[in-house]
Amino acid sequence: MTLVRVLFYFLSFIAIVSALFAASSKNLVRSIFVFFVTLFSLAGLYVLALADFVAVTQVVIYVGGILVLILFAFMLSGKETLNVLQKQEGKFLNIKKLPAIILAVLFFIVLVNVVFKADVNNLPWVKDAISLKNEVTPTDIMIDNIGVNLMTRYLLPFEAISILLLVALVGAAHLSRKEGKA
Amino acid sequence: MITLTDFLVVSVALFCIGLYMVVSKRNAIQILIGIELILNAAILNLVAFGKYDKVNNSGQIFALFAIVLAAATTAVALAIILNVYRRYKTIDPNEINKLKD
């Protein structure tokens, strides 16, 4: 058991447990802040998958941007939001939630079966990548390669996504304006 | 070394927790958190497979695109939630059952 493996189990344990807590918590603010922990441990998992740039982006955009947006939405939507949450009292294993739990557990069983049946470690293209030394090793620095690829090979998706982001932000600003005028 | 299967199992677990949140929660913000969990499970898969593509980096680059898309989605969804709150004074999806007029 190497240190990397120990770290992997530790981070994935934190990610799954905090996600479960976010799902079961009755306090909305607490569930938002626990989601914060999930996002951070996922960033750690990305580092272990040797994608450090994606991990940094995750911290900057998700933790810095999306979470603050969610907190804003929570604070702008008044205390009735909290009343709705207080009404649904009862334990985690509420009878009303039973269908949702059954659905999630069955999905989990099916997907885990699919993962083990697919035997992803022995996929032909993965074996090819390992034999052709096309695999990222821990000593590689991938960030400059990502930058070059982003501006050459993936230029069209990059431009498309930038236009989409512009449209989405203009749309969000339009949707959240005060009513009455125009 | 960590194998691909380990990453996939973690992402399956996150996906199922997100699915549970989307189906069972009675608050639009918590449903949004569930959607973000599902997106993160997908990004974890992209990153895990992207390890075996050193030349083109397709996995990591599309993971970046997915993160940016998630940011755009959240901005629009939160604007919609604020509008819904203004109209109905609640963000419980069960009670939102009328159109504009």
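This is a predicted model, so every value here is computed, not measured.

How each quantity is defined
Residues numbered from 1 in each chain as written. Chains lettered and ligands numbered in written order. Predicted model: local features only at pLDDT ≥ 70, side-chain atom pairs only at ≥ 80, totals over all residues. Helix = DSSP H or I, 4+ residues; strand = E, 2+ residues; numbered from the N terminus. Buried ≥ 20, exposed ≤ 12 C-beta atoms within 10 Å, placed from the backbone. Contact = placed C-beta atoms within 7 Å. Rg over C-alpha atoms; globule rule 2.2 N^0.38 Å. Nonpolar A, V, L, I, M, F, W, Y, C, P; charged D, E, K, R; others polar. Expected span 1.5 Å × (residues − 1). Axes fitted to C-alpha atoms, helices over the stretch in contact; angles between N-to-C directions. Parallel < 35°, antiparallel > 145°, perpendicular 65-115°, else oblique. pLDDT = per-residue confidence, 0-100. Left-handed = near helix turned anticlockwise from the far one by under 90°.

1. Side note on the overall build of chain A
Next, step 1: Each helix and strand counted, chain A has eight helices and zero strands in total.
Next, step 2: Along the chain direction, N to C, the helices and strands of chain A fall in the order α-α-α-α-α-α-α-α.
Next, step 3: Burial analysis of chain A (182 residues in total) assigns 19% to the buried set.
Next, step 4: Considering only residue pairs separated by 6 or more positions, chain A has 52% of its internal contacts joining residues 24 or more positions apart.

2. Thoughts on the overall build of chain B
Next, step 1: Scanning chain B from N- to C-terminus turns up three helices and zero strands.
Next, step 2: Reading chain B from its N end, one meets helices and strands in the order α-α-α.
Next, step 3: Taking 101 residues into account, the globule formula puts the C-alpha radius of gyration at 13 Å, and chain B, at 17 Å, lies well above it.
Next, step 4: When each of the 101 residues of chain B is scored for burial, the buried share is 55%.
Next, step 5: Taking as baseline every contact in chain B between residues at least 6 positions apart, the subset at least 24 positions apart corresponds to 42%.

3. Focus: the interface of chain A and chain B
Next, step 1: Contact with chain A, which involves 75 residues of that partner, is made by 65 residues of chain B.
Next, step 2: Among the secondary structure elements, those contributing two or more residues to the side of chain A that touches chain B are α1 (3-24), α2 (28-48), α3 (52-76), α4 (80-87), α5 (98-118), α6 (124-131), α7 (143-151) and α8 (155-175) of chain A.
Next, step 3: Sorting elements by how many residues they give to the side of chain A that touches chain B places α3(A) first, with 13 residues.
Next, step 4: Of the residues that constitute the side of chain A that touches chain B, the class distribution is 54 nonpolar, 15 polar and six charged.

4. Quick notes on helix α3 (residues 58-88) of chain B
Next, step 1: For α3(B), which comprises 31 residues, the first-to-last C-alpha distance of 44 Å matches the rise-based estimate of 45 Å (1.5 Å per residue) to within 8%.
Next, step 2: K89(B) sits one or two residues past α3(B) and shows a positive phi near 60°.

5. Here we look at α5(A)
Residues and elements named next belong to chain A.
Next, step 1: For α5, with 21 residues, the first-to-last C-alpha span of 30 Å sits near the 30 Å given by 1.5 Å per residue.
Next, step 2: Little of α5 is tucked away, with one of its 21 residues classed as buried.
Next, step 3: Taken from the residues just after α5, D119 is the one with a positive phi, measuring 55°.

6. Here's the deal with the environment of I29(B)
Next, step 1: Relative to the assigned elements, I29(B) resides in helix α2 (residues 28-50).
Next, step 2: Classification of I29(B) by C-beta neighbours within 10 Å gives buried; the count is 22.
Next, step 3: Spatially, the C-alpha atom of I29(B) lies 21 Å from that of A13(B), the residues being 16 residues apart in sequence.
Next, step 4: Beyond its immediate stretch of four places on either side in the chain, I29(B) contacts L28(A), I70(A), A73(A), F74(A), I81(B) and I91(B).

7. Describing the packing of α2(A) against α3(A)
Residue and element names in this part refer to chain A.
Next, step 1: Following both chains from N to C, one finds α2 and α3 inclined at 170°, their axes separated by 8 Å at the closest point. Classified by the angle their axes make, α2 and α3 are roughly antiparallel. Packed against α2, whose contacting residues are L28, V29, I32, F36, L39, F40, L42, A43, Y46 and V47, the element α3 presents D52, V54, A55, Q58, V59, Y62, V63, L67, I70, L71 and F74 at the interface.
Next, step 2: Considering only residue class, the contact of α2 with α3 consists of 19 nonpolar, one polar and one charged.

8. Description of unusual backbone geometry
Leave glycine aside and you will find that most residues have negative phi; peptide bonds, for their part, are mostly trans.
Next, step 1: In this model, L50(A) sits at a positive phi of 65°, which is unusual for a non-glycine residue.
Next, step 2: Non-glycine residue N57(B) carries a positive phi angle of around 55°.

9. Regarding the confidence of the model for chain B
Next, step 1: When pLDDT is averaged across chain B, the result is 88; 98% of the residues are at 70 or more.
Next, step 2: Between the elements of chain B, mean pLDDT differs from a low of 88, seen in α3(B), to a high of 93, seen in helix α1 (residues 4-24) of chain B.

10. Describing the packing of α5(A) against α1(B)
Next, step 1: For the pair α5(A) and α1(B), interaxial distance at closest approach is 9 Å and the crossing angle is 160°. Between α5(A) and α1(B), the crossing angle belongs to the class labelled roughly antiparallel. Seen from above, α5(A) lies across α1(B) with right-handed handedness. On α1(B), the residues that touch A100(A), I101(A), L103(A), A104(A), F107(A), F108(A), L111(A), V112(A) and V115(A) of α5(A) are T5(B), L8(B), V9(B), V12(B), A13(B), F15(B), C16(B), L19(B), Y20(B), V23(B) and S24(B).
Next, step 2: Classifying every residue of the contact of α5(A) with α1(B) by side-chain character gives 18 nonpolar, two polar and no charged.

11. Overview of the environment of S58(B)
All names here are of chain B.
Next, step 1: Here S58 lies in helix α3.
Next, step 2: Separated by 36 residues in sequence, S58 and N94 have C-alpha atoms that sit 40 Å apart.
Next, step 3: Once residues within four sequence positions are removed from consideration, S58 is found in contact with G50 and D53.

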